[in-house]
Amino acid sequence: PQLFAEMRVRPTFHYPDELLNVLTGIAPRGKADPTVVVLTPGIYNSAYFEHCFLALQMGIELVEGQDLVVEQDKVFMKTTRGLKQVDVIYRRVDDAFLDPEVFRSDSTLGVAGLMRAYRAGNVALSNAVGTGVADDKATYHYVPTMIEYYLKEAPILANVPTYLCGELSDRTYVLEHLDELVVKAVNEAGGYGMLIGPHSTAAERTEFKARIMANPRNYIAQPVVALSRHPCMFDGNFEGRHIDLRPYILSGQDHVTVLPGGLTRVALRKGSLVVNSSQGGGSKDTWVLYGED
């Protein structure tokens, strides 16, 4: 309390406003007042509250796939006054479920014909289809090399050591040290497909060893990172819980904005290192503070 009494919040940045500016800036045809929507998988998605919050703060519509329709290679939103053309879609639906005409034919989360409209230049998607390639966790291993190659400089911050199970030497090390490492499936998110070695049982390690041997390319491993802890209130008592901070960078047409803050994720289960909301995690308000000059 004393710390916060001696510091003030600097109210110089409004994330929803900046995000909306980025989204309107990618509208096709240079439209001055484009219609922007947030496309959500729906109420059963673990981040649905975030989708609602962003749409509300930006003052735009939150839609599901069933709320949109494609006609003459253009995307329209169903409203009580008829169809309204949509210019920009901030999508929170995975590629595989985005358009049943192109990807998974059994998807009910996306919009049939959306990719036709996208290819025709009649709607902008953020993020664009295919950008999820950066979510492949094997990319971690190559981050220092990419920095040196593209920026011609050495990384300032050290990378978390990342072992590629697709490489024989790395795989051998991982299999011999499963009880010390965190193993992750490269194409999973939300805390799924993980083994936290120090907290695992012998049976779980045996199962993951079989998974790795069956499909080595699908797994990486890293040492356990000592996450910070923060006090949380449970049943009237303060208890420590592990947290991490996810910063955000917005790339617009003419500038890049680094947010002075981010999302603080909390592992609500006692002792857990998994902060993902899909695994029972939560979030905390994140303030950027500065002292009096």
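Residues numbered from 1 in each chain as written. Predicted model: local features only at pLDDT ≥ 70, side-chain atom pairs only at ≥ 80, totals over all residues. Heavy atoms only, no water.

*Asks:* When you look at the pairing of strand β10 (residues 181–185) in this model, what are you seeing that I'm missing?
*Replies:* Remark: a regular strand shows side chains that alternate across the two faces of the sheet. Counting buried positions along β10 yields five of five residues, so the element is predominantly enclosed. Side chains of β10 alternate between two faces, with Leu 181, Val 183 and Ala 185 and Val 182 and Lys 184 buried alike. The pairing of β10 with strand β12 (residues 219–223) spans five bridges and is classified as antiparallel. Opposite Ala 185, over in β12, you have Tyr 219 as the bridge partner. (Buried < 20%, exposed > 50% of the residue type's maximum accessible area, 1.4 Å probe, protein only. Helix = DSSP H or I, 4+ residues; strand = E, 2+ residues; numbered from the N terminus. Pairing = 2+ DSSP bridges.)

*Asks:* It is not clear to me how the sheet that holds strand β18 (residues 282–284) should be interpreted in this structure. Could you clarify?
*Replies:* Pairing between the strands of a sheet is mediated by backbone hydrogen bonds and can be parallel or antiparallel. Taken in spatial order, the four strands make up an open sheet running β13-β14-β17-β18, and their pairing is antiparallel. Single-partner strands in this sheet number two, and they are β13 (228–234) and β18. Taken pair by pair, the neighbouring strands of this sheet meet at an average axis angle of 45°, ignoring direction. Of the pairings in the sheet, the one linking strand β14 (residues 237–246) to strand β17 (residues 263–266) comprises four bridges and is antiparallel in character. (Axes fitted to C-alpha atoms, helices over the stretch in contact; angles between N-to-C directions.)

*Asks:* Can you walk me through the pattern of salt bridges in this structure?
*Replies:* Side chains that differ in sign of charge can pair as their charged atoms come close. Considering all chains together, one arrives at nine salt bridges under this definition. A salt bridge links Arg 104 to Asp 106; the nearest nitrogen and oxygen atoms lie 2.9 Å apart. You can call Arg 104 partly exposed: its relative accessible area is 39%. Between Glu 207 and Arg 211 there is a salt bridge, with its nearest N and O atoms 2.6 Å apart. With Glu 207 and Arg 211 both in helix α7 (residues 202–214), this residue pair falls four residues apart, about one helical turn. A relative accessible area of 38% means that Glu 207 is categorised as partly exposed. (Salt bridge = Lys/Arg side-chain N within 4 Å of Asp/Glu carboxyl O.)

*Asks:* I'm lost on the pairing of β14 in this one. Help?
*Replies:* Note: β13 against β14, seven bridges, orientation antiparallel. Across the sheet, the residue bridging to Arg 229 is His 242, located in β14. In this structure, the hairpin formed by β13 and β14 is closed by a connection of two residues, where Asp 235 is found at a positive phi of approximately 50°.

*Asks:* Which parts of the structure should I look at to understand the confidence of the model for the protein chain?
*Replies:* Any residue range with low pLDDT should be treated as having predicted coordinates unsuitable for detailed reading. Mean pLDDT over the protein chain stands at 85; residues scoring 70 or higher make up 91%. With pLDDT under 50 throughout, residues 1–13 is counted as low confidence; its partners more than four residues away or in other chains account for 20 contacts. (pLDDT = per-residue confidence, 0-100. Contact = heavy atoms within 4.5 Å.)

*Asks:* Is there a simple way to think about unusual backbone geometry in this case?
*Replies:* Peptide bonds are mostly trans, and most non-glycine residues show a negative phi. Cis geometry is found at the peptide bond from Ser 126 to Asn 127, where omega equals 5°. Residue placement: Asn 127 occurs in the loop between β8 (124–126) and α5 (139–151). Residues other than glycine seldom take positive phi values, yet Asp 73 does so here, at roughly 60°. For Asp 73, the position within the fold is in the loop between β4 (68–71) and β5 (74–79). Asp 73 sits in the partly exposed class, given a relative accessible area of 28%. Phi at Asp 235 is positive, roughly 50°, even though this residue is not glycine. Within the element layout of this structure, Asp 235 appears in the loop between β13 and β14.

*Asks:* Explain the packing of aromatic side chains here, please?
*Replies:* What describes a pair of aromatic rings is the distance from one ring centre to the other and the angle between the planes of the rings. Using the criterion set out here, one finds three aromatic pairs in the structure. Plain terms: the ring middles of Tyr 149 and Tyr 150 are 4.9 Å apart, the flat faces sit at 85° to each other, and that makes the pair edge-to-face. Just as Tyr 149 is exposed, Tyr 150 falls in that class too. On the basis of an interplanar angle of 70° and a centroid distance of 6.1 Å, the ring pair of Phe 208 and Tyr 219 is categorised as edge-to-face. One end of the pair, Phe 208, is in helix α7; the other, Tyr 219, is in strand β12, and eleven residues separate them in sequence. Side by side, Phe 208 and Tyr 219 carry an identical accessibility label, which is buried. A cation over an aromatic ring shows up here: Lys 152 above the ring of Tyr 149, its NZ or CZ 5.1 Å from the ring centre. (Phe/Tyr/Trp six-rings, centres within 6.5 Å; stacked < 30°, edge-to-face > 60°. Lys NZ or Arg CZ within 6 Å of the ring centre and 35° of its normal.)

*Asks:* Quick question: what am I supposed to make of helix α6 (residues 168–176) here?
*Replies:* Each full turn of the α-helix corresponds to 3.6 residues, which orients residues three or four apart in the same direction. Buried residues of α6: Asp 170, Arg 171 and Val 174, and no others. Burial along α6 is one-sided: seen end-on, the buried residues are contained in an arc of 100°. Away from the buried face of α6 by more than 90 degrees, exposed residues Leu 168, Ser 169 and Glu 176 are located. Where α6 is buried, its residues touch α5, β9 (163–164), β10, α7 and β12. (Arc of directions from axis to C-beta.)

*Asks:* How should a nonpolar patch on the surface be read in this particular structure?
*Replies:* Together, Tyr 142, Met 146, Tyr 149, Tyr 150 and Leu 151 give the surface a local cluster of nonpolar side chains, amounting to about 590 Å² of exposed area. The residue Tyr 142 is located in helix α5 in this model. By relative accessible area, Tyr 142 is classed as partly exposed at 40%. (Patch = residues over 30% accessible without salt bridge, like charges linked within 9 Å, V, L, I, M, F, W, Y side chains within 5 Å. Areas by Shrake-Rupley, 256 points an atom, 1.4 Å probe, with all protein chains shown as cover.)

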